[in-house]
Amino acid sequence: MRVVLISSHSGHYTGGVKEFEIEAQTLHDVIRVLNQRYPGLGEHLEEETSVAIDGEIHEVAYYHPVRPGCEIYFIPKIEGG
Amino acid sequence: MSKHHVTTTLNGNAVEFLCDTQQTLLEVLRDELHHTGTKEGCGTGDCGACSVTVDGRLVCSCLVLGVEAQGKSIQTIEGMAQGTSLHPLQRKFLEHAALQCGVCTPGILIAARALLARNPDPSEEEVRFWLAGNLCRCTGYNKIIEAVLDAAHEMRGS
Amino acid sequence: MDAKVIKQEGQTLKIVGTSPVRPDGTPKVTGLARYGADFALPGMLWGAILRSPHAHARIRAIDTSKARALPGVKAVITAEDFPEQKFEFVGPERVAVNFWHMTRNVMAREKVLYEGHAVAAVAATSKAIAEEALRLIEVDYEPLPHVIDVDAAMQPDAPLLFEDMITRGIDPPPGKPSNIAKRIEFNIGDLDAGFAAADEIVEMSFKTAPVHQGYIEPHACLARFDSNGQGELWSASQGHFVVRAFTARLLNMNIGDVLVHPAEIGGGFGGKTVIYVEPLAAALSRKSGHPVKIMMSREDVFKATGPTSGSSMTVRIGVKKDGTLVAADGVFKFQAGAFPGSPVMNATMCGFAPYDIPNVRSVGYDVVSNRPKSAAYRAPGSPISAFAVESVMDAVAARIGMDPLKFRLLNACKTGTPTVWGPKHAHDGYAETIKAVLAHPAYAAPLGKNQGRGVASGFWFNNGGESSATVHVNEDGTVVVATGSMDIGGSRASMAIMAAETLGIEYDDVRAIVADTASIGYTHVTGGSRVTFATGIAVVEACKKVIVELCARAAMIWKLEPGEVVWENGCAKPAGAAAGKFEPMPLKAVAAKRALTGGPIGAEASVNAGGAAPGFATELCDVEVDPETGSVKILRFVVAQDVGRAIHRSYVEGQLEGGVVQGIGWALNEAYIYDDAGHLLNAGFLDYRIPVASDLPMIETVLVEVPNPNHPYGVKGAGEVNIVPAMAAVANAINNAISRRLTDLPMSPPKVLAAIHSGRKG
Ligand code: FES
Ligand code: FES
C-alpha cells in the first residue's frame with residue numbers, strides 16, 4: 001500500500017522522503033515499519049497527525065485495519081471551533 | 001463607608017438589602033439577593049442580557065443603581081412563571097428552540113413580555129426593532145422572533 | 001446483536017429528525033440554569049486582574065506590597081506564582097500547544113505583548129477592594145515599539161515580539177528572527193503548467209479584520225483549591241477536560257487532582273476551548289485558602305481573549321473557456337496575535353477544497369503581532385480563505401460568462417477528487433448543496449434597483465475524536481445518558497434522541513446530562529462540529545451494550561439462552577427456536593427484575609471516533625445598497641448545508657441560522673480598531689457591533705442530508721461550515737448590486753461609499 005507523509009515536520013525524520021510502499025495489516029504495523037526505518041518518526045505520527053485511509057479521516061489509532069492497495073496519508077491534525 | 005438599607009419588592013415579594021452606593025441593581029440581584037437568572041453580558045447597557053422591569057418599565061439593570069430600587073417593584077426572570085406553569089413566552093421559546101446557549105434568554109423573555117404588554121399584536125418588524133437592544137450571538141434571531149410572534153398569537157387567543 | 005439495533009437506510013426513524021423540547025430547557029427559561037458566573041461558595045473571595053496599558057513593553061519590576069497591605073486583600077499573584085514551562089510544541093500541528101506560550105498568555109512574564117495582557121491578579125473580600133488593590137500594584141514598564149497589522153509585522157524591520165523566533169517550516173531555517181512563526185505549503189500538480197494552460201486568469205488581493213467570537217457570556221469561573229494540592233473548578237468552557245488538563249499543567253498539578261464541574265456555557269464558538277481566568281482563580285484560591293471567583297468584563301473579553309485572525313491574502317485562479325478550473329494559487333498571511341497559532345493551516349487546506357483543480361499551491365504564514373492571541377472561531381481559518389477564493393471564483397465566472405452556481409457545480413469535488421493536502425475526498429455532499437440553491441425559488445426571484453445577488457460555497461473538516469458516554473437504566477425503566485460533552489446549543493436533546501431511537505423507547509423516558517471530569521471518561525471539546533458525531537457514537541455504543549445486557553436479563557427471566565433473545569421496538573423478544581414462546585418484554589419490565597437478574601443495568605462506552613465526514617455549504621445572499629450612505633441591507637439569505645442527517649431538526653437549523661448571521665456581522669460591521677499606540681478603541685458591544693434582530697431578515701435554511709455511513713444515524717456535523725461562505729456571498733452580492741468588488745472586510749458604509757465613488761468597476 002502507498003503511504004504518504006504530508007505533515008510538514010515529517011521531513012525532519014525521513015530526510016525529505018514522503019512516499020513509501022509498505023505491506024501491513026493494521027495502522028500499528030505501518031507506524032512500526034516507518035519507525036524502524038526512521039527512528040522517532042513513529043512518535044511524531046502518533047502525536048501530531050491524523051490519518052486518511054482511502055480518504056476517510058481518523059485520529060491515529062493502532063487498530064485501524066489497512067487493506068492491500070489502500071492509500072494512507074498522514075496529514076496535519078485539524079482542530080475545530 | 002456604610003451601606004444603604006433598601007426596601008423593595010422583588011417578583012411580588014417584599015425584600016430588604018444592604019448595598020454600596022456604586023453597586024448596580026444587576027450586582028445586587030446577583031450577588032446580594034442570589035437571583036442569578038439576570039445575566040451580565042457587558043455591564044454597559046449594550047447587550048440586554050440584564051433586562052428587568054422596574055415598576056413595569058423595561059431597563060438594563062446594569063445601568064440602574066441598587067439604591068434606586070427603593071420603594072419600587074422589580075420583576076426578573078425568576079418571577080415570570082406562575083408557580084409551575086410557564087409563561088406562554090417561556091413555553092414558546094422551548095417549543096421553537098429559540099435558545100441555544102440560553103444566556104441571552106432571560107433578558108429577551110423579559111423584554112418580549114414588556115413588548116407584548118404594550119402591543120399584543122406586533123408585526124415581525126416591530127418585534128425585531130423592539131428586541132434590537134437584546135443581543136443573541138447564537139441563534140441568528142429567527143426562532144426568537146417566531147417564538148415571540150407565536151406567543152403573542154396564543155396570548156391574544158386566550 | 002450488533003447491526004440489528006441500528007436503523008439502516010430506508011427504515012423509518014421514529015425520533016431522529018424531530019424537534020422535541022430539550023431536557024435542559026426549563027431551567028434556561030426560568031433563570032435557574034447556572035452559568036460560569038452563577039456559582040458561589042461560603043467564604044468566597046472576588047478575584048480581579050491587572051492588565052497592561054501598553055501594546056508592547058518590558059516588565060522591569062512589579063511591586064505588590066501596597067496591594068498586599070490593603071485590608072481585605074487575601075492574595076496577590078504574578079507570573080512568579082506559576083512554574084516555568086518547557087519551550088516545546090506539543091499536540092497536533094494546527095493547535096501545537098506550547099505551554100511556554102500559554103503560561104505567558106495567562107500571565108505576562110518578561111514582557112507584555114498586547115494591551116489588556118494580564119500582569120497580576122488579586123483576591124479580596126469584595127469586588128471593590130479587589131479593584132482598589134489593583135490600583136496599588138506598581139508595575140515598572142519599559143515601553144517598546146509595537147506592530148498591529150500582519151503585513152507590517154512581516155516587514156524585516158518590524159518590532160519583534162520574540163527576539164529569538166526563527167520561522168518554522170522553511171528549509172533551511174532563516175538566519176534571522178522575525179515575527180513569522182511558521183510557513184506552510186501544500187501542493188498538487190504543476191502550478192506553472194496549469195496556469196500556462198488557462199484561457200483566463202483572475203488574481204486579487206484581500207484583507208480581513210480580526211473578529212471576536214462575541215459570545216454573550218464573558219469568561220467566568222469559581223475555584224476552590226486546597227493548599228494540599230487538590231482543587232475544584234466551576235467553569236463555563238467548551239471542554240471541561242481540556243480546562244482540567246491545561247489548568248493542572250500550568251499549576252504543576254496532577255490531572256486527577258483537579259475536578260472541573262461543567263457550568264452551563266453562554267456561547268463559545270471556539271473561543272472557550274482555551275483558558276484565561278481558570279489558572280488565575282485556582283492560584284489565588286491556593287494562595288489564599290478561600291474559594292475565588294473571577295468574572296471578566298466585556299472590555300477584558302475583547303482585549304484579552306479570542307478573536308480570530310485578521311489576514312492579508314492573494315488568490316489567483318486559472319480557468320479554461322469552458323469553465324474547467326486548471327490552476328489555483330493562494331497565499332494566506334494570518335495574524336496569530338501575540339503568540340503563534342493562527343488557524344492559517346486550516347485556511348490553506350480548506351480554501352480550494354470544494355473544487356476539483358489539478359494544479360494547486362496553497363501557502364500560509366502564521367504571524368505574531370501585538371494583539372490578543374487568536375483563538376478558534378467557528379470553522380477556524382476556513383471562512384477567511386473562503387472569502388478570498390469565493391470572491392475570485394465569482395469574478396472568474398463573470399469573466400467567462402458563466403452562471404456562478406453552474407460554474408461551481410461543473411468543478412465541484414466529489415468522492416475521489418484529489419485534495420491539496422494529499423488524500424482524495426471520501427464523501428459527496430458539495431454538489432447537492434449547489435443544486436439545492438439552484439432549485440431554490442430565491443435564485444430566480446427578481447431584484448430591484450440597487451439590489452444584488454451573490455452566491456458562495458464553503459468546506460470544513462468536521463471533527464471526530466475522543467468521547468465518552470454512560471447509559472444507565474433506572475429502577476422504573478427510564479434511562480439516564482451522561483456524556484462528557486458541554487451542551488452549547490441543545491446537544492443533550494440530540495443525545496437523548498439517539499439513545500431513545502437506539503433503545504426503542506420514548507424520548508421523554510431518556511434524560512441526558514453532562515457529567516463532571518471525575519464522573520465520566522475523557523471527552524474532547526465541544527467544537528469542530530464533533531459532538532453529535534463522536535459523542536453520538538459513544539452514546540449509541542453504550543446503548544448497544546445495554547441492549548446486550550437487557551437481552552441477557554430477559555433470557556434469564558425466560559430461561560432461554562442469551563442468543564435466543566433479540567431487542568426490537570424497545571422490547572426483548574424471543575427469537576430463533578424460541579420465537580413466539582413469550583410475549584415481548586418491554587424495557588420497564590426487564591428493569592423491574594434487575595435485582596433478581598444481577599443488579600443495576602448500565603454501560604459506558606468510550607470511543608476515538610474516526611470517519612468524520614466534511615461539511616459543505618452553499619449560500620445565496622440578496623442585498624440592497626444605499627447609494628447615498630453606502631450602507632448594505634441584507635434582504636434575503638439562503639443557506640443550504642449538507643449535515644449528513646439532522647438529529648434534532650430545529651437545533652440543526654439554529655446552527656445554520658446562527659452561523660450565517662455571524663458571517664453577516666463579519667462581512668459588514670465587525671472589526672478590531674486600534675489607535676496609533678496599539679490601544680483597542682472599540683472594546684464594547686456599542687462600538688464593536690454584532691448583528692441585532694432589526695438588521696436581519698429570516699435566514700432561510702435548507703438541510704441537505706447525504707448521510708455519513710460512518711455514523712449510526714448518518715451525522716456529519718452541523719455547527720461550523722455555515723459561516724464559511726457568508727462573507728463572500730455578501731461581497732458577491734454587493735458586487736452584483738454596484739459593480740464594485742470589495743476586497744477589504746468589513747464592508748462598512750464608508751468603504752462601500754468610497755467604492756461607489758471610485759469609478760473602478762469590479
Ligand atoms: S449587561 Fe446590562 S446591557 Fe449588557
Ligand atoms: S442563545 Fe446564546 S446568546 Fe442567545
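Residues numbered from 1 in each chain as written. Chains lettered and ligands numbered in written order. Predicted model: local features only at pLDDT ≥ 70, side-chain atom pairs only at ≥ 80, totals over all residues. Heavy atoms only, no water.

Engineer: Even after reading the chapter, I still don't get the overall build of chain B, so can you show me in this structure?
Structural biologist: Counting its secondary structure elements, chain B contains five helices and five strands. The order of helices and strands in chain B, counted from the N terminus, is β-β-α-β-β-β-α-α-α-α. Computed over the C-alpha atoms, the radius of gyration of chain B is 16 Å, within 12% of the 15 Å expected from 2.2 N^0.38 for a compact globule of 158 residues. In terms of its C-alpha atoms, chain B occupies a principal-axis envelope of roughly 50 × 30 × 25 Å. Looking at chain B residue by residue over its 158 residues, the buried ones come to 59%. As displayed, chain B has an accessible area near 6,200 Å², and 51% of this comes from carbon and sulfur atoms. Computed over 13 positive and 18 negative side-chain charges, the separation of the two mean positions in chain B equals 3 Å. (Helix = DSSP H or I, 4+ residues; strand = E, 2+ residues; numbered from the N terminus. Rg over C-alpha atoms; globule rule 2.2 N^0.38 Å. Buried < 20%, exposed > 50% of the residue type's maximum accessible area, 1.4 Å probe, protein only. Areas by Shrake-Rupley, 256 points an atom, 1.4 Å probe, with all protein chains shown as cover. Lys, Arg positive; Asp, Glu negative; His and termini not counted. Charge placed at Lys NZ, Arg CZ, Asp CG, Glu CD.)

Engineer: What is the right way to read the sheet that holds strand β21 (residues 571-574) of chain C from this model?
Structural biologist: Note on sheets: strands pair through backbone hydrogen bonds, and any given pair is parallel or antiparallel. All names here are of chain C. Spatial strand order, β20-β21-β22: three strands in an open sheet with antiparallel pairing. Two strands close off the open sheet at either side, each with one partner strand: β20 (565-568) and β22 (585-586). The sheet contacts of helix α15 (residues 531-558) involve β20, β21 and β22, and relative to β20 the element is tilted by about 125°. (Pairing = 2+ DSSP bridges. Contact = heavy atoms within 4.5 Å. Axes fitted to C-alpha atoms, helices over the stretch in contact; angles between N-to-C directions.)

Engineer: Just checking my understanding: could you explain the interface of chain A and chain C for this structure?
Structural biologist: A common way to express how large an interface is: the accessible area buried when the components associate. Counting residues at the interface gives 24 residues for chain A and 37 residues for chain C. Both sides together, the interface formed by chain A and chain C hides about 2,400 Å², and carbon and sulfur atoms give 54% of it. Viewed at the interface, chain C and chain A are joined by one salt bridge. Notably, a salt bridge pairs Glu71(A) with Lys424(C), separated by 3.4 Å at the nearest N-O pair. For the pair chain A and chain C, the interface holds seven residue pairs in polar contact (both at pLDDT 80 or more). (Buried area = accessible area lost by both parts, 1.4 Å probe. Salt bridge = Lys/Arg side-chain N within 4 Å of Asp/Glu carboxyl O. Polar contact = N/O pair within 3.5 Å; in protein donor to acceptor, adjacent residues only side chain to side chain.)

Engineer: Whenever I open this one, the packing of aromatic side chains confuses me. Can you help?
Structural biologist: Within a pair of aromatic rings, the relevant descriptors are the distance that separates the centres and the angle that separates the planes. Residues and elements named next belong to chain C. Taken as a whole, this structure holds 24 aromatic pairs over all chains when the rule is applied. The interplanar angle of 75° and the centroid separation of 5.8 Å between the aromatic rings of Phe-99 and Phe-246 together place this pair among those described as edge-to-face. In this pair, Phe-99 sits in helix α3 (residues 99-106) while Phe-246 sits in helix α7 (residues 240-250), placing the two residues 147 residues apart along the sequence. Across the pair, exposure class does not vary: Phe-99 and Phe-246 are buried alike. With a centroid separation of 6.0 Å and an interplanar angle of 80°, the aromatic rings of Tyr-672 and Tyr-688 are classed as edge-to-face. A residue pair is termed long-range when its members are at least 10 positions apart, and Tyr-672 in the loop between α17 (649-668) and β26 (699-704) and Tyr-688 in the loop between α17 and β26 qualify at 16 residues. By relative accessible area, which is 7% here, Tyr-672 ends up buried. Residue classification places Tyr-688 among the buried residues on the basis of a relative accessible area of 1%. Through successive ring pairs, a cluster of aromatic residues spans Tyr-355, Trp-421, Tyr-430, Phe-459, Trp-460, Phe-461 and Phe-616. The lysine or arginine in question, Arg-168, covers the ring of Phe-89, its NZ or CZ lying 3.8 Å from the ring centre. (Phe/Tyr/Trp six-rings, centres within 6.5 Å; stacked < 30°, edge-to-face > 60°. Lys NZ or Arg CZ within 6 Å of the ring centre and 35° of its normal.)

Engineer: Would you take a moment to explain the side chain of Glu232(C) for this structure?
Structural biologist: Residue and element names in this part refer to chain C. With respect to the helices, strands and loops of the structure, Glu-232 is situated in strand β10 (residues 231-235). Within the structure, the side chain of Glu-232 is placed 2.7 Å from the side chain of His-261, a separation counted as a polar contact. Setting aside its immediate chain neighbours within four residues, Glu-232 contacts Leu-222, Ala-223, Arg-224, Phe-225, Leu-259 and His-261.

Engineer: Honestly, the nonpolar core in this entry has me stumped. Any pointers?
Structural biologist: The nonpolar side chains of a soluble globular protein tend to be buried with one another. If you look at the biggest cluster of nonpolar residues, it comprises 200 residues, and the most contacted ones within it are Phe93(B), Ile317(C), Phe637(C), Ile734(C) and Met747(C). Those residues within four positions of Phe93(B) in sequence are excluded, and the remaining contacts are Ala98(B), Leu99(B), Thr105(B), Ile108(B), Leu109(B), Ile144(B), Ala147(B), Val148(B) and Val29(C). Val16(C), Ala538(C), Cys551(C) and Ala609(C) belong to the second largest nonpolar core, which has 53 residues in total. (Core = buried A, V, L, I, M, F, W, Y, C linked by side-chain atoms within 4.5 Å.)

Engineer: How should I be thinking about the arrangement of the chains in this particular structure?
Structural biologist: Ranking the two pairs of chains in contact by number of contacts places chains B and C first. A minimum C-alpha distance of 14 Å separates chain A and chain B, which share no contact.

Engineer: Looking at this structure, how should I read the pattern of salt bridges?
Structural biologist: Side chains bearing opposite charge may pair, as long as their charged atoms lie close to each other. All names here are of chain C. Counting across every chain of the model gives 60 salt bridges over all chains. Between Lys-207 and Asp-151 there is a salt bridge, and its shortest N-O distance comes to 2.9 Å. Within this pair, whereas Lys-207 is found in strand β8 (residues 200-208), its partner Asp-151 is found in helix α5 (residues 150-153), the two being separated by 56 residues in sequence. With a relative accessible area of 27%, Lys-207 lands in the partly exposed category. Within this structure, Arg-22, Asp-24, Lys-28, Glu-264, Asp-487 and Arg-492 form a network of salt bridges that share partners.

Engineer: Just checking my understanding: could you explain the environment of Ala512(C) for this structure?
Structural biologist: All names here are of chain C. Within the secondary structure, Ala-512 sits in strand β19 (residues 510-514). The exposure class of Ala-512 is buried, given its relative accessible area of 7%. Along the backbone, Ala-512 and Val-258 are 254 residues apart, and their C-alpha atoms lie at a distance of 24 Å. Non-local contacts of Ala-512, meaning those with residues more than four positions away in its chain, are made with Pro-23, Val-481, Arg-492, Met-495 and Ala-496.

Engineer: Whenever I open this one, the domain arrangement of chain C confuses me. Can you help?
Structural biologist: Residue and element names in this part refer to chain C. The domain architecture assigned to chain C consists of domain 1 (3-33 + 464-609) and domain 2 (405-458 + 613-757). On a C-alpha basis, the centroid separation for the pair domain 1 and domain 2 is 36 Å. Of the residues lining the interface, 26 residues belong to domain 1; the matching set on domain 2 comes to 19 residues. A combined buried area of about 1,700 Å² lies between domain 1 and domain 2, and 60% of that area is made up of carbon and sulfur atoms. One can count zero salt bridges joining domain 1 with domain 2. Applying the counting rule to domain 1 against domain 2 returns eleven residue pairs in polar contact (both at pLDDT 80 or more). Of all the secondary-structure elements, those providing two or more residues to the side of domain 1 that touches domain 2 are α14 (491-503) and α15. Tallying contributions element by element places α14 first for the side of domain 1 that touches domain 2, with six residues. Across the side of domain 1 that touches domain 2, the residue classes tally to eleven nonpolar, eleven polar and four charged. (Domains from an automatic or database assignment. Nonpolar A, V, L, I, M, F, W, Y, C, P; charged D, E, K, R; others polar.)

Engineer: Is there a simple way to explain the pairing of strand β16 (residues 451-460) of chain C in this structure?
Structural biologist: Residue and element names in this part refer to chain C. The buried count for β16 comes to ten of ten residues, which makes it a mostly enclosed element. Where burial is concerned, the two faces of β16 agree: the one with Gln-451, Arg-453, Val-455, Ser-457 and Phe-459 and the one with Gly-452, Gly-454, Ala-456, Gly-458 and Trp-460 are both buried. Pairing analysis gives ten bridges linking β16 to strand β24 (residues 615-625), with the strands arranged antiparallel. Looking across to β24, one finds that Arg-453 is bridged to Asp-622.

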